Every structure is written in C-alpha cells, then in structure tokens.
Amino acid sequence: MNDRARFFAGAALTLALSVAAFAIPDFALAQNRAPSGVEMAETLPGNFLAAREALRSKDIPSQAFYLRAALAQYPGDLELLNSAFVASLANGEFDDAFRLAEELEQRGQKSPLAEMALAARSLKERDYVQAVSRLTPFPNDPLQLATILMRVWAVAGLGNADAALELLDQINDPNLALMRDHHAALISDLRGYGYEAKKRWRAVHARDADNMRFNDAWARFLIRNGARDEARTIYLTLQKAHPHQAAIQAALQNLDSGKTPGRATEDAIAGAGEVLFEMGALLARKDSTLSLSLLNLAIFLGVKDGAPQEVMGDVLGEARQYDAAIKAYEAVPASAPTRVYAETRIGEMLQSAERPEAALKHMQTVAFWRQDYLSYVTLADIYRAQRKWRDAVGAFTRGIELMGPPAATDWKIYFLRAAVSERANDWPAAEQDLKKALELSPDQPEALNYLGYSWVDKNINLEPALAMIQKAVAKDKENGEFIDSLGWAYFRLGRYDDALVELEKAIKLKGGVPEINDHLGDAYWKVGRKREAVFQWRKTLDLKPDDDIAARVNAKLTSALKELN
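Cut-offs and rules
- Residues numbered from 1 in each chain as written.
- Predicted model: local features only at pLDDT ≥ 70, side-chain atom pairs only at ≥ 80, totals over all residues.
- Heavy atoms only, no water.
- Helix = DSSP H or I, 4+ residues; strand = E, 2+ residues; numbered from the N terminus.
- Buried < 20%, exposed > 50% of the residue type's maximum accessible area, 1.4 Å probe, protein only.
- Contact = heavy atoms within 4.5 Å.
- Salt bridge = Lys/Arg side-chain N within 4 Å of Asp/Glu carboxyl O.
- Expected span 1.5 Å × (residues − 1).
- Phe/Tyr/Trp six-rings, centres within 6.5 Å; stacked < 30°, edge-to-face > 60°.
- Lys NZ or Arg CZ within 6 Å of the ring centre and 35° of its normal.
- Core = buried A, V, L, I, M, F, W, Y, C linked by side-chain atoms within 4.5 Å.
- Polar contact = N/O pair within 3.5 Å; in protein donor to acceptor, adjacent residues only side chain to side chain.
- pLDDT = per-residue confidence, 0-100.
- Axes fitted to C-alpha atoms, helices over the stretch in contact; angles between N-to-C directions.
- Parallel < 35°, antiparallel > 145°, perpendicular 65-115°, else oblique.
- Left-handed = near helix turned anticlockwise from the far one by under 90°.
- Nonpolar A, V, L, I, M, F, W, Y, C, P; charged D, E, K, R; others polar.

1. Let's talk about the overall build of the chain
Alright, step 1. Assigned secondary structure in the chain consists of 32 helices and zero strands.
Alright, step 2. With respect to the principal axes defined by its C-alpha atoms, the chain has extents near 85 × 70 × 45 Å.
Alright, step 3. Counting only residues that meet the buried cut, the chain has 50% of its 565 residues in that class.
Alright, step 4. Counted over contacts in the chain with a minimum sequence separation of 6, partners at least 24 positions apart contribute 54%.

Below is the structure:
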C-alpha cells in the first residue's frame, strides 16, 4: 500500500467513528497555514472529511492543511501522522514535512519516504555520514532504486568515488542499466576518471540516444574535453527525435558560439537532486503525490534548471489543479532554455481553468515577445479552443514560418491548420495542408482519414478517398471514427450493405457521435429498414448536434414520417 493510501487504510475507521469534538491547540493554529479560501473545521471528523474531499479532488495544499489540523486534534494516530507528512512534502512545505518525518522516526515508524526526506536534509547540510545511515533500501519499496542511487551519491560525497561506483555496479537488472551507467558517468566525471566516464556515457548513448537529459550530460562532457564535433552529432540526433525543443536549440547555439558548458552535476548534493528529479518524473503518471514529493526534494537539493518545476506543473495540470500548476511553471527560472515551454503551459492552464480572456492575453504577449514556433502554435491552439478559426489559421501560419524546413514529424501542424481552415470555410487551403501533411508523413492515419472523409462527404474523389480510409482503418481497426468514414465511403459508392456493416460496427465503438447515428440512419433507409432509420435520426437529434446537422436531420425526419404515415 502506498503512503498516500495508508491514512484511509488505518486511520479512517478510527477517525470516521470518532464523535468527540476536540479543541485545536494554539501551537497547531500557529504552525498550520491555511491556503487561500480554506478554513479549518472545528471538529476532528470535519477536518478528516475535508481532507478526504481534498484527496479526491487532488487538492494537495488543502489536503495537507486539513490533515495537519486533524493531527493536532488527534496526535496519537500514526497513520494520520504519516499522511500529514506525505501531503506536506508533496506541497513543498519543508519545515512541516521534516518535523513530521522526525516524529515518525521518533515513534519507531519506518517510512521510506520520511527517511529519504531526512537524508536529503542531511545531504544539503553536507552530513554525508548521516545521509548514508538513513538511506537503507526497504524491500519491495517503489523508492528502492532512488534510495540506492542517493546512497551512492552520499558515499561519493564522502570522497569515496570508487566505493560509490562499486555500489552502482551491484545493480544488475538490465532495465536499470541506463540509470546506473548515467550516474556512474556523472560520478566518474566529478572524480576525474575521464576514461570511465566516457565508457559509461557511451553505454548510455548506445541504449537510448534520444534521452535528452542523459545525452545532454554526455555532450557537455565531450565539449569540455574538446570533442565538439561529436557533441554536435549528439545534439543533432536529439533534435531529430525532439524537434523544436528550446533546450536543444540553445545548446547548439552555445556550441556554435564557442561556449563551454559546465558539468550537468557539480557535486554530490546535485547528484542526489538529479536522482530525485529522475524518479519523480518517472512516477508522474503512476503516483502523483509521490512524484510531487520527490520533485520538491529535488528542488530542495538545488536542481536549478527548472525541470522539476516543469514536471510538477504537468502533474498538477493533469490533476486539474490549474492555479497550482501555473505557480509551478512560474517558478521555472527566466534564464532556463525551457522557460518558453513553461510560459506556453501557463496559457494552456488558463484556458483549461475557463479563463479564456486571460489565456489569450497571456499567449498573445508571449508570442509577440518570443517570436518562436512553440509560442505561436500554442496561441493557435488557444484560438482554436475559443473557436476563433481565422485567428487560429494566422497563428499556425506564423508558427510554420518560424519552424524552418519541415521534417516528417511536422505533419501535425499542417493537419491542425487544415482543421481550422475548414472551420473557417476555406476548404481549398485545408485540402492543401492535408496533402502537405501526407507528403511529410504518408502513413499518418489521422491525416488519411481526414482527407478521405472530407472527399467522401463532398462526394468527390471517391475511389482515392476509399483507399485512404482503408489504409487508416488498417492501422487502427478499433477506431470508430475511421470505421464510420469507411462506412460512409461505401454509402457514397452505393455499396449500402457494406456500408451498414461498417456503420453498425462504428456506432458500437464510438457511441454518442451525432454524425455516426446520422450516417447509420441513412444506411438503414437505403436498405429498407426505415423505422430503424427514423430511430437513428431521432437519436442524432438527442445528441445535440450542431445546427447544420440538426437542420439536415430534421428535413429527413419530416419527409420520412410523411412517407411512413
């Protein structure tokens, strides 16, 4: 059971059945800071229920506050103590988190995350002996690898790089070889073991040439050691895998200007911070609370490139905690090459938070000052979300102008511009962009289906359209929209029995789409199943289609009902 769930496994019954109201001690009120708009409940059950609701909605600041309030009212509950610690750390409240972790330790509770947090504090204080003593791996713990790697860095901090490398080489799992060799290379570089560092980084590159963070560290080493051409090759490989990434573009510009970068990791404290960042990023989609806890510890240990804040923003945005996500993105240093990513994500968070005017104003300002591909593409997405089709076309066009010669991976921006051009009633421009998308990436099922369906719906180029749609379906046989396109193509070609088979399949795979019900109704009508056709057309109207579809379906229903009656 993970730390986040333990409160509800053990303490829930005790707290939920408690009927006594406790006065909140003055010291707890002084220490427990309320998030804006949040008020402490007067009773233990009230704070417990508020914490549970905050957990459900992934509102970590409120969860941490209510858990600490409940703990002040019921200080003897160890599960509650652990949960308050986890929430405080995930919220970046280090003083509270360390105090609660110490209390867990004093009460004999072995929490891997609490030990890791206290070890991080020891590392920051350069008390490497204390850090080593705390970093003992727990069996079957999701933090086991992070604990081992942090222990390695604590040993390196004691000045014993050889022992640290020996500990690393005890990691025999092939799935962990990438991280093992990366950290071995970082330690070797710090110790001056150039040959060993080079050997380890070559192993990292051979396993994953597309990993931006690991290969950037390798390229930095090469530049410092005079192998600038090899470093350039590494960055160009990364650029191909991650087009339009500001960090890679900045690295290449610095290389061209003759600059020599520093090490990716400058000391043992930064190395441990790197471990915490990497593990926090890996856990981002698996356990958001644990991920945020590790990312906060990475920031505590001084990871300065803004990467932890970016991942935190992504985690919080995924949890729909938009204000907290914006705060995380705003904390990315202005000097970081990836600051532009953070700025665009702020615009997306404002739009997701249903603050369209603020989102648009923010992204217009960012795009005006930045004049870069990502800013204009994000601005176009904001326009698109607000149904400002012509503005979206203009922003996508500026993004295309700024991106340079298009690569195969750039098919998507032409696809997106096609979609907004069509909504702006400019089919010739949309058709041209769809063809361009397929020129760049001929097998993209989305583009194949979009162009094929558009031709079918306009009753033109039916045979080429059918071939495109069949190719798309072959790549994604369970895509209801693709199969609807296939059925509609058969319908236009007069193959009504074939159309019916595909459209009935489509509606099972993708229910709730008015166009599919409308198409199925047309097919039923053509094969003589007219009352089923009327049912499907009525269902289309129940699904609240746009005005054009509604008008077309109402006309068919009026005619059909006259005939049937």
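2. Some points on the pattern of salt bridges
Alright, step 1. Across all of its chains, the model carries 39 salt bridges by this definition.
Alright, step 2. Across the salt bridge formed by Asp314 and Arg345, the nearest N and O atoms sit 3.3 Å from each other. Of this pair, Asp314 sits in helix α18 (residues 307–318) while Arg345 sits in helix α20 (residues 339–352), and the two are 31 residues apart along the sequence.
Alright, step 3. Judged by relative accessible area, which is 28%, Asp314 ranks as partly exposed.
Alright, step 4. Where Lys436 meets Glu439, a salt bridge forms, and the shortest distance between an N and an O atom there is 3.4 Å.

3. Quick look at α20
In an α-helix there are 3.6 residues to a turn, and that puts residues three or four apart on one side.
Alright, step 1. Between the first and last C-alpha of α20 there are 20 Å, a value that for 14 residues agrees with the 20 Å anticipated at 1.5 Å per step.
Alright, step 2. Counting buried residues in α20 gives 11 out of 14 residues, a clear majority hidden from the surface.
Alright, step 3. Those residues of α20 lying buried are Arg339, Val340, Ala342, Glu343, Thr344, Arg345, Ile346, Gly347, Met349, Leu350 and Gln351.
Alright, step 4. Check the buried side of α20 and you find it contacts α15 (246–256), α18, α19 (322–330), α21 (356–370) and α22 (373–385).
Alright, step 5. Looking one or two places after α20, you find Glu354, whose phi comes out positive at around 60°.

4. Some words on unusual backbone geometry
Alright, step 1. Its identity as a non-glycine residue notwithstanding, Arg320 has a phi of 65°, on the positive side.
Alright, step 2. Summarising the element assignment, Arg320 is placed in the loop between α18 and α19.
Alright, step 3. Although it is not a glycine, Gln371 sits at a positive phi angle of roughly 50°.
Alright, step 4. Secondary-structure assignment places Gln371 in the loop between α21 and α22.
Alright, step 5. The partly exposed category is assigned to Gln371, whose relative accessible area is 31%.

5. Quick word on the packing of aromatic side chains
Alright, step 1. What the rule picks out here adds up to 13 aromatic pairs.
Alright, step 2. The interplanar angle of 20° and the centroid separation of 5.9 Å between the aromatic rings of Trp218 and Phe221 together place this pair among those described as stacked. Residue Trp218 and its partner Phe221 are located together in helix α13 (residues 212–224), separated by three residues, close to a single helical turn.
Alright, step 3. By relative accessible area, which is 1% here, Trp218 ends up buried.
Alright, step 4. Aromatic ring contacts, followed pair by pair, group Phe94, Phe98 and Phe300 into a single cluster.
Alright, step 5. Looking at Lys124, its charged tip hangs above the ring of Phe300, at a distance of 4.2 Å from the centre.
Alright, step 6. Above the plane of the ring of Trp525 lies Lys530, whose end atom (NZ or CZ) is 4.8 Å from the centre.

6. Here's the deal with the nonpolar core
Alright, step 1. Ranked by size, the top nonpolar core spans 172 residues in total, and within it Phe85, Met150, Ile187, Trp201 and Leu294 carry the most contacts.
Alright, step 2. Among the elements that make up this core, the one with the highest residue count is helix α9 (residues 144–157) (nine residues).

7. With respect to helix α5 (residues 78–90)
Alright, step 1. For α5, with 13 residues, the first-to-last C-alpha span of 18 Å sits near the 18 Å given by 1.5 Å per residue.
Alright, step 2. With 11 of 13 residues buried, α5 lies mostly within the body of the structure.
Alright, step 3. The N-cap of α5, judged by a side-chain oxygen 3.1 Å from the amide nitrogen of Glu79 a few residues on, is Asp77.
Alright, step 4. A positive phi of about 75° marks Gly92, the residue just after α5.

8. Comments concerning the confidence of the model for the chain
Alright, step 1. Of all residues in the chain, 91% have pLDDT values of 70 or greater, and the mean over the chain is 90.
Alright, step 2. Mean pLDDT values over the elements of the chain span from 34, in helix α1 (residues 3–16), up to 98, in helix α25 (residues 427–440).
Alright, step 3. Under a pLDDT of 50 for its full length, residues 1–30 has, in the predicted model, 53 contacts with residues more than four places off or in other chains.

9. Focus: the packing of helix α17 (residues 288–300) against α18
Alright, step 1. At their nearest, the axes of α17 and α18 sit 9 Å apart, and the two run at 160° to each other. Judged on the interaxial angle alone, α18 and α17 are roughly antiparallel. In this structure, the crossing between α17 and α18 has a hand that is left-handed. Packed against α17, whose contacting residues are Ser288, Ser291, Leu292, Leu295, Asn296, Ala298 and Ile299, the element α18 presents Pro308, Gln309, Val311, Met312, Val315 and Leu316 at the interface.
Alright, step 2. Its residues assigned to classes, the contact of α17 with α18 shows nine nonpolar, four polar and no charged.

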